[in-house]
Amino acid sequence: MRRIFLFLSLGAVTCFASCAEKKEEKEEQIKLLTTSPLATDTTITKEYVAQIHAYQHIELRALEKGYLQKIFVDEGQAVTKGQPMFQITPLVYQADLQKSQAEANYVDIEYKNTKSLADSNIVSKNELALSRAKLNKARADVSLARTHLQFTSINAPFSGIMDHFQGRLGSVVNEGDLLTTLSDNSKMWVYFNVPEAEYLAYKEQAKADNIVNVRLRMANNEEFKYPGVIKTIEADFNNETGNIAFRATFPNPDGLLRNGETGSVLMTVPLKHALLIPQKATFEILEKRYVYVVDAKNIVHQREINIASEMPDLYVVKDGITSSDKILLEGLRKVKDGDKISFTYEAPKKVFRGLKVYSE
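Bear in mind that the values here come from a model prediction, so they are computed numbers and not experimental data.

As a further point, take the overall build of the protein chain. When its secondary structure is counted, the protein chain shows 5 helices and 19 strands. A total of 360 residues make up the protein chain; the buried ones form 35% of that total. Long-range contacts, defined as pairs at least 24 residues apart, comprise 76% of the intrachain contacts of the protein chain with a sequence gap of at least 6. For the protein chain, the exposed surface amounts to about 22200 Å²; the carbon and sulfur share of it is 51%.

Here is the structure:
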């Protein structure tokens, strides 16, 4: 019985050793590709939701009450500075002007007679001064009546594009009623909000470059062909969002952009000593990003990383790994944490040449 038991024990040990060897051989047979993160200077493109506004965009309102007698333009029409646009019935204001002019003429005659008498010392200087004051008042009334009459004609204050009409021909308009809006689209102001950290990075870049150009991606996902320039930053941060508003100016010679459009501003930001890894070397679990790091014993370990920025095919890593780490580049689904692997190593520069974005 002892011999049989010893024989069985030796057989079990031999079997266990054989199985362990087979498992190790199986582990060693998994040969995968690894690389390292690349620490380099590069640039990234930040994208910000933007609102597009005309350089000048105003409301045209009636300055006098009356009937809308004439409309000289059409909706969507391009107009030039000084071009007639609307005419409100001027009859009442013409009559007021004529009445004021007649009264001014009468007072002028009175003043001349009083002056003649004053020169002959027939009337006092005080009476002459009173007559002169009446004349000045009458002339001011003429000027006021003429101004009211001019307000019945509404001309374009600058060259631009008409919006739709709020009133129609023959309708009654009151003082202050909106007639239409006018936009000068020769250049556009594009507003977007920037977080505080990115604002500080921008200020550093602006010190070196003086002018920071930006691009505009339109609603159809195409880039506007003319670059813009950041010219204005608002004074205060929004305490609720931690953002500050930027304004970029874009030329619009073709008139493609219109007031009220939306888009995205694309701003290129330089990064010093950025740590880059291929996106395909990462995987996600419960909204967290991980990589497999290979240790000195060829064992893979799952490690969480934090992403600072995203580029096509690449991530900029904030923390979690270093440039000296070896990370698994391919076969992420073939291994699990703690597996021992056999691998080939490829230099990061060689790996990155096959990707869309790489900049030294």
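The next subject is the packing of aromatic side chains. As enumerated under the stated definition, the model contains 11 aromatic pairs in all. Arranged with centres 5.4 Å apart and planes meeting at 90°, the rings of Tyr-55 and Trp-189 form a pair that is edge-to-face. Here Tyr-55, found in strand 2 (residues 38–61), pairs with Trp-189, found in strand 9 (residues 178–195); they are 134 residues apart in sequence, far enough to count as distant. Ring centres of Phe-283 and Tyr-290 lie 5.8 Å apart, and the angle between their planes is 20°; this geometry places the pair in the stacked category. As far as the burial class goes, Phe-283 and Tyr-290 line up, both buried. An aromatic cluster of at least three residues, connected via ring pairs, comprises Tyr-48, Phe-192, Tyr-199, Tyr-202, Phe-237 and Phe-246.

Attention now goes to the packing of helix 2 (residues 91–119) against helix 3 (residues 125–151). At a minimum axis distance of 8 Å, the contact between helix 2 and helix 3 shows a crossing angle of 165°. As far as their axial angle goes, helix 3 and helix 2 are roughly antiparallel. The two elements helix 2 and helix 3 cross, and the hand of that crossing is left-handed. For the contact of helix 2 with helix 3, a count of residues per class yields 12 nonpolar, 6 polar and 11 charged.

Among the secondary structure elements, Thr-180 is positioned in strand 9. A residue is classified by how much of its surface remains accessible, and Thr-180, at 1% relative accessible area, is buried. Not counting the four nearest positions on each side in its chain, Thr-180 is found in contact with Ile-58, Glu-59, Leu-60, Phe-86, Met-162, Asp-163, His-164, Phe-165 and Gln-166.

Relative to strand 13 (residues 262–278), strand 2 runs antiparallel, the two sharing 13 bridges. Each residue of the ladder has a partner; that of Leu-38, found in strand 13, is Leu-276. Sheet topology places strand 10 (residues 213–218) next to strand 13; 5 bridges connect them, and they run antiparallel. Residue Leu-216 lies in a different strand from strand 13, and its bridge partner there is Val-265. In this sheet, strand 17 (residues 314–319) lies alongside strand 13 in antiparallel orientation, the contact comprising 3 bridges. Residue pairing across strands places Pro-278 opposite Leu-314, the latter belonging to strand 17.

Attention now goes to the nonpolar core. Counting 24 residues, the largest nonpolar core has Phe-192, Leu-216, Ile-230 and Phe-246 as the members making the most contacts within it. Ranked by size, the runner-up nonpolar core spans 23 residues in total, among them Leu-33, Leu-38, Ile-305 and Met-311.

Here we come to helix 3. Helix length check: helix 3, at 27 residues, gives a terminal C-alpha distance of 39 Å against a target of 39 Å (1.5 Å per residue), a fit within 8%. Among all positions of helix 3, only Leu-128, Ser-131, Leu-135, Ala-138, Val-142, Ala-145 and Leu-149 are buried. Tucked inside the fold, the buried residues of helix 3 contact helix 2 and strand 6 (153–155).

Most of strand 15 (residues 288–294) is tucked away: 5 of the 7 residues are buried. As judged from the 3 bridges shared by strand 14 (residues 283–285) and strand 15, these two strands associate in the antiparallel manner. Note on strand 15: the bridge partner recorded for Phe-283 is Tyr-290. If you look at the hairpin formed by strand 14 and strand 15, you'll find 2 residues sitting between the two strands, and Leu-286 has a positive phi there, around 50°. One ladder, built from 2 bridges, connects strand 15 with strand 18 (residues 326–328); its direction is antiparallel. Bridging across to strand 18, Val-293 finds its partner in Ile-327.

Scoring rules and cut-offs
Residues numbered from 1 in each chain as written. Predicted model: local features only at pLDDT ≥ 70, side-chain atom pairs only at ≥ 80, totals over all residues. Heavy atoms only, no water. Helix = DSSP H or I, 4+ residues; strand = E, 2+ residues; numbered from the N terminus. Buried < 20%, exposed > 50% of the residue type's maximum accessible area, 1.4 Å probe, protein only. Contact = heavy atoms within 4.5 Å. Areas by Shrake-Rupley, 256 points an atom, 1.4 Å probe, with all protein chains shown as cover. Phe/Tyr/Trp six-rings, centres within 6.5 Å; stacked < 30°, edge-to-face > 60°. Axes fitted to C-alpha atoms, helices over the stretch in contact; angles between N-to-C directions. Parallel < 35°, antiparallel > 145°, perpendicular 65-115°, else oblique. Left-handed = near helix turned anticlockwise from the far one by under 90°. Nonpolar A, V, L, I, M, F, W, Y, C, P; charged D, E, K, R; others polar. Pairing = 2+ DSSP bridges. Core = buried A, V, L, I, M, F, W, Y, C linked by side-chain atoms within 4.5 Å. Expected span 1.5 Å × (residues − 1).

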